[in-house]
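Each chain is listed here by its residues.
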Amino acid sequence: MNSREITTHISKAADFLNVKKWDYGASFSNDFSVQVDKGDAKQLKASQKQVLTIRVWNESNLVGITTTSDISESGIKKALNQANIASEYGNKNESTEFSPLAKEPIKVKEVKKRNPVGIKKLLTLLREAEVKLLESHESIKSVPYNGLSESFFERVYANSDGAFRSFTKSQAALYLYARAEEEDKKPRSSGSIRLGYGVDDIDIEACIKEASNKTISHLNYSPIKTDKYLICFSPESFLTIINAFSSMFNARSILDGVSLSNKNSIGEKLSTEALNIYDDGLHEKNISSSPFDGEGTPTKRLCLIKKGKIESFIHSESTARIFKTIPTGHAGLGSKVSVSPDWIVVEKSKGDYDLKTSLNHSNFDEEFVYIEELNAIHAGVRASQGSFSLPFDGWLYKNGNKISIESATVAGDIKYLLKNIVNIETNQEVTTSGISPHIWVDGLSITGDA
């Protein structure tokens with residue numbers, strides 16, 4: 001049954017049950033994935049999934065919701081009836097409506113269609129990659145975490161007001177995480193991830209090389225003294241910290257009282273004027289882009305911070321109505337709709353600012369700490385308070401030497417971090433979660449074992 005037929009069946013079932021107002025979101029996918037362990041197939045998966053989420057509004061405008069994987073005519077009718085019954089227990093304190101933009105045109109990126117390569121080819125490619133990674137250095141003894149996958153899926157949104165949206169897409173992913181061991185030393189690990197629209201788009205050799213180089217670079221390690229340091233955040237680590245505190249821009253979080261911002265925070269200075277931050281789900285480099293959100297609102301580029309000041313919040317239909325603005329294309333689908341960012345893009349704003357432009361991670365000779373990757377985000381971030389204390393992988397640079405840090409945590413406050421940015425490098429780098437340059441921050445506390 002295709003998405004148009006599903007919409008027709010829901011409409012007929014709604015007429016039969018006397019349901020006047022409804023919408024639904026659907027996801028259909030074919031997924032293939034493999035994992036290996038020293039040449040042996042550790043896990044092989046092939047699955048076909050279909051998920052249908054239906055919302056119903058009753059005569060009191062209360063919302064009920066249900067999810068089903070049965071998309072037969074009888075299954076759809078049953079799910080619609082369950083949502084209708086659930087609507088009697090809907091949230092009376094907050095209403096949800098159709099997005100006013102659910103019929104607006106959407107932008108779908110033109111991408112060449114990829115075909116499945118199949119489990120056998122995935123397994124062969126991953127085995128070869130594991131062997132090459134193990135052979136890249138004598139200290140690499142295993143690749144404990146690895147995987148190669150491809151997914152082909154369709155997303156749909158439609159409602160009783162005549163809105164209908166659909167798009168199809170494919171995505172492939174490779175991850176390799178190596179473990180190096182040397183006598184009388186602690187094991188050291190690191191890895192690399194690559195995404196593509198299909199397996200043939202993934203640069204497997206580059207992924208192997210990066211995983212190997214990052215792992216080996218951590219073999220020469222030593223403890224670091226507890227102190228305050230000049231810190232350079234890699235693009236990956238800076239995007240991690242921004243996403244961890246994205247509740248600052250999240251209207252849902254503001255209404256729930258779990259954000260550092262409030263309704264009147266638009267225009268508040270949050271960082272140096274040299275910083276711009278956008279959420280750009282449709283960016284050409286975003287492999288995971290979707291042209292619309294869970295409510296059918298078109299995805300778009302949205303400025304969150306402009307020259308250091310909060311420019312916008314991300315909204316669902318209900319939060320936008322409360323804030324007297326329009327939805328931004330960041331909503332999920334539910335009776336109480338969640339809101340989340342898509343793809344963060346960090347830029348250096350145009351203009352002359354008081355930055356220390358001599359700070360460049362590739363040639364700066366004085367002492368600084370380079371944070372490559374932040375860990376334990378869910379445990380170490382208190383988003384509603386603004387504080388963080390996070391273990392990290394990185395290096396201490398001193399007198400031109402680069403020494404891996406054995407074990408340490410970086411701690412601070414997100415507002416202090418943003419206001420103490422001392423340089424934003426010019427070159428931006430594409431990561432799996434967004435785009436960012438290297439960001440330098442002075443005076444953050446690092447707790448080490450020395």
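Starting from 1, residues in each chain are numbered consecutively following that chain's sequence as written. Where local features are concerned, this predicted model is filtered to residues with pLDDT of at least 70; where side-chain atom pairs are given and counted, the filter is 80 or more; whole-chain, interface and lining totals use all residues. Note: side-chain values were computed over all heavy atoms of the structure, leaving out hydrogens and water.

Novice: Pulling in residues and values, what's your account of the confidence of the model for the protein chain?
Specialist: Scored by pLDDT, the protein chain comes out at a mean of 95, with 100% of its residues at no less than 70. Each residue carries a pLDDT value, the predictor's own confidence for that position, ranging from 0 to 100. Numbering of helices and strands runs from the N terminus, with a helix taken as a DSSP run of H or I at least four residues long and a strand as a DSSP run of E at least two residues long. Per-residue pLDDT, averaged within each element of the protein chain, yields its smallest value for strand β16 (residues 401-405) (92) and its largest for strand β20 (residues 434-436) (98).

Novice: Tell me about the packing of aromatic side chains, and name the residues and values.
Specialist: Centre distance within 6.5 Å is the pairing criterion for rings of Phe, Tyr and Trp, where only the six-membered ring of Trp is used; planes under 30 degrees apart are then read as stacked, over 60 as edge-to-face, and the remainder as tilted. With the rule as written, the count across this model stands at twelve aromatic pairs. One aromatic cluster is present, built from ring pairs that chain together F364, F368, Y370, W395, Y397 and W440. The positively charged end of K21 is found above the aromatic ring belonging to F98, 5.2 Å away from the centroid. For K263, the ring lying beneath its charged end belongs to F323, and the centroid distance is 5.8 Å. Placement of a positive charge over a ring is assigned whenever Lys NZ or Arg CZ falls within 6 Å of the ring centre and within 35 degrees of the normal to the ring plane.

Novice: Please set out the pattern of salt bridges residue by residue, giving values where relevant.
Specialist: Side-chain pairs of opposite charge can arise where the charged atoms are in close proximity. Salt bridge, as used here: a side-chain nitrogen of Lys or Arg that lies within 4 Å of a carboxyl oxygen of Asp or Glu. What the rule picks out here adds up to 18 salt bridges. K336 is the partner of D256 in a salt bridge, and the nearest nitrogen-oxygen pair spans 3.3 Å. Of this pair, D256 sits in the loop between α6 (251-255) and β9 (275-280) while K336 sits in the loop between α7 (317-322) and β12 (344-348), placing them 80 residues apart in sequence. Residue classification places K336 among the partly exposed residues on the basis of a relative accessible area of 46%. Ionic pairing is found between R301 and E347, a salt bridge with its closest N-O pair at 3.2 Å. Residue R301 is located in strand β10 (residues 301-306), and its partner E347 is located in strand β12; the two are separated by 46 residues in the primary sequence. Note on classification: 1.4 Å probe, protein chains only; a residue is buried when its accessible area is under 20% of the maximum for its type, exposed when over 50%, partly exposed between these limits.

Novice: Break down the nonpolar core for me, citing the residues and quoting the values.
Specialist: One finds F238, V369, V410 and L418 to be the most contacted residues of the largest nonpolar core, which totals 49 residues. Broken down by element, the residue count for this core peaks at five residues, all from helix α5 (residues 235-244). Nine residue types can take part in a nonpolar core, namely buried Ala, Val, Leu, Ile, Met, Phe, Trp, Tyr and Cys, and a core is a set of them joined through side-chain atoms within 4.5 Å.

Novice: Can you tell me about the sheet that holds strand β19 (residues 429-430), naming the residues and giving the values?
Specialist: Following DSSP output, two strands are said to pair if at least two bridges run between them. On the basis of which strands lie adjacent, the open sheet formed by six strands has the order β11-β10-β9-β12-β20-β19 and mixed pairing. If you trace the sheet from one side to the other, it starts and ends with β11 (309-310) and β19, each paired once. Sheet topology note: the β9/β10 ladder contains four bridges and is antiparallel. By the bridge assignment, D279 is partnered in β10 with L302.

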